[in-house]
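Survey of secondary and tertiary structure
The lines below spell out each chain.
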Amino acid sequence: ICGGQQRRLADAWKGKPVEQKLLEVLSRGGMVAGTSAGAAIMSKVMIAQGNPVPEISEGWDLLPDVIIDQHFTE
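Worth saying up front: this structure is predicted, and the values here are computed from it rather than measured.

So, the environment of L9
- Within the secondary structure layout, L9 lies in helix 1 (residues 6–13).
- Distance in space between the C-alpha atoms of L9 and G59 is 8.8 Å, their sequence separation being 50 residues.
- Not counting residues up to four positions away in its chain, the partners in contact with L9 are I1, C2, K14, A37, G38 and I41.

Here's the deal with the packing of aromatic side chains
- Scanning the entire structure with this criterion turns up 1 aromatic pair.
- Aromatic side chains W13 and W60 sit 5.7 Å apart centroid to centroid with 15 degrees between the ring planes, which places their arrangement in the stacked category. Placement of the pair is W13 in helix 1 and W60 in the segment after strand 2 (55–58), with a sequence separation of 47 residues.
- Classification of W13 by relative accessible area gives partly exposed; the value is 31%.
- Among the residues examined, W60 registers a relative accessible area of 2% and is labelled buried.

Re the pattern of salt bridges
- Following the criterion strictly, the structure yields 4 salt bridges and no others.
- The closest approach of N and O atoms between R7 and E55, which form a salt bridge, is 2.2 Å. Separated by 48 residues along the polypeptide, R7 in helix 1 and E55 in strand 2 bring together distant segments of the chain.
- For R7, a relative accessible area of 28% translates into the label partly exposed.
- When the shortest N-O distance is used, the salt bridge between K14 and E58 registers 3.5 Å. Residue K14 is found in the loop between helix 1 and helix 2 (17–27), and its partner E58 is found in strand 2; the two are separated by 44 residues along the sequence.

With respect to the side chain of E19
- By secondary structure assignment, the location of E19 is in helix 2.
- Here the side chain of E19 touches G15 through a polar contact of 2.5 Å, landing on its backbone nitrogen.
- The contact partners of E19, leaving out residues within four places of it in the chain, are W13, K14 and W60.

Calculation rules
- Residues numbered from 1 in each chain as written.
- Predicted model: local features only at pLDDT ≥ 70, side-chain atom pairs only at ≥ 80, totals over all residues.
- Heavy atoms only, no water.
- Helix = DSSP H or I, 4+ residues; strand = E, 2+ residues; numbered from the N terminus.
- Contact = heavy atoms within 4.5 Å.
- Phe/Tyr/Trp six-rings, centres within 6.5 Å; stacked < 30°, edge-to-face > 60°.
- Buried < 20%, exposed > 50% of the residue type's maximum accessible area, 1.4 Å probe, protein only.
- Salt bridge = Lys/Arg side-chain N within 4 Å of Asp/Glu carboxyl O.
- Polar contact = N/O pair within 3.5 Å; in protein donor to acceptor, adjacent residues only side chain to side chain.

If you want it as structure tokens, here you go:
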């Protein structure tokens, strides 16, 4: 899944057939990968934006019990 803005990915694809197809890939033992926003959207609790205070939104829940953050240096 490409980078960009995770909120845009969620707005475009959350609840759409692509989300279900990704879950099916995982259930068959496949792999789903992403960079930047494409990684952040894979958790159910998603950091949508914000620095230093994060804004929380809902991602795809492909990785249960995980929150993915990106682009930090410390």
